[in-house]
Amino acid sequence: MKNFVTKENLNHRLMQLFILVAHLVLLKWIIYTLYEGGVLPFNTLMYHFLGISVYGGVLIRFCAWFYNRQYLKELEKNGHEPKLEE
């Protein structure tokens, strides 16, 4: 646990913190929408679900892009060539 945050991986840990907070915001929004779903007008409720789905999709794509970039950087650092499967 002592080496969890070091000078070398500080940016990576900050990005993980940002991703965690973004997921918690999404979870809070989902809980709010489900809790208030019975009293919200139908159009407002649909816009909430549309926003949740767009936010979740962008969050998934961003996380995949970020971790793929980290993986490729690590391969280059260790002297391996990234290979594409055919």
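About the criteria used
- Residues numbered from 1 in each chain as written.
- Predicted model: local features only at pLDDT ≥ 70, side-chain atom pairs only at ≥ 80, totals over all residues.
- Heavy atoms only, no water.
- Core = buried A, V, L, I, M, F, W, Y, C linked by side-chain atoms within 4.5 Å.
- Buried < 20%, exposed > 50% of the residue type's maximum accessible area, 1.4 Å probe, protein only.
- Helix = DSSP H or I, 4+ residues; strand = E, 2+ residues; numbered from the N terminus.
- Contact = heavy atoms within 4.5 Å.
- Axes fitted to C-alpha atoms, helices over the stretch in contact; angles between N-to-C directions.
- Parallel < 35°, antiparallel > 145°, perpendicular 65-115°, else oblique.
- Left-handed = near helix turned anticlockwise from the far one by under 90°.
- Phe/Tyr/Trp six-rings, centres within 6.5 Å; stacked < 30°, edge-to-face > 60°.
- Polar contact = N/O pair within 3.5 Å; in protein donor to acceptor, adjacent residues only side chain to side chain.

One broad rule of soluble globular proteins: the nonpolar side chains tend to lie buried together. Ile 19, Ala 22, Leu 26, Ile 52, Leu 59, Cys 63 and Phe 66 form the largest nonpolar core, which has 7 residues in total. Looking at this core, the elements that each hand over two or more residues are helix 1 (10-36) and helix 2 (42-77). The dominant element in this core, judged by the number of residues it contributes, is helix 2, at 4 residues. Excluding its chain neighbours within four sequence positions, the residues that come into contact with Ala 22 are Tyr 55 and Leu 59.

Glancing now at the packing of helix 1 against helix 2. Axis angle and axis distance: for two packed helices, these are the angle between their axes and the distance between the axes, and together they describe the pair. With their axes 11 Å apart at the nearest point, helix 1 and helix 2 run at an angle of 165° to one another. Relative to helix 2, the element helix 1 is oriented roughly antiparallel. Here helix 1 and helix 2 pass one another in a crossing that is left-handed.

Turning next to the packing of aromatic side chains. Under the definition given, this model contains 5 aromatic pairs. When the centroid spacing of 6.2 Å and the interplanar angle of 75° are considered together, the rings of Trp 29 and Tyr 55 count as edge-to-face. Taken together, the residues Trp 29 in helix 1 and Tyr 55 in helix 2 connect sequence positions 26 residues apart. Note on Trp 29: relative accessible area 26%, which makes it partly exposed. Arranged with centres 5.1 Å apart and planes meeting at 80°, the rings of Phe 66 and Tyr 67 form a pair that is edge-to-face. By relative accessible area, which is 2% here, Phe 66 ends up buried.

Before going further, it helps to spend a moment on the side chain of Asn 9. Note on placement: Asn 9 falls in the segment before helix 1. Looking at Asn 9, its side chain comes within polar contact range of the main-chain oxygen of Phe 4, at 3.0 Å. Among the polar contacts listed, one links the side chain of Asn 9 to the backbone nitrogen of Thr 6, at a separation of 2.7 Å. Asn 9 has contacts with Asn 3 and Phe 4, leaving out every residue within four places of it along the chain.

For the rest of this paragraph, the subject is the side chain of Thr 33. Considering the arrangement of structural elements, one finds Thr 33 in helix 1. In contact with Thr 33, not counting residues within four places along its chain, are Leu 45, His 48, Phe 49 and Ile 52.

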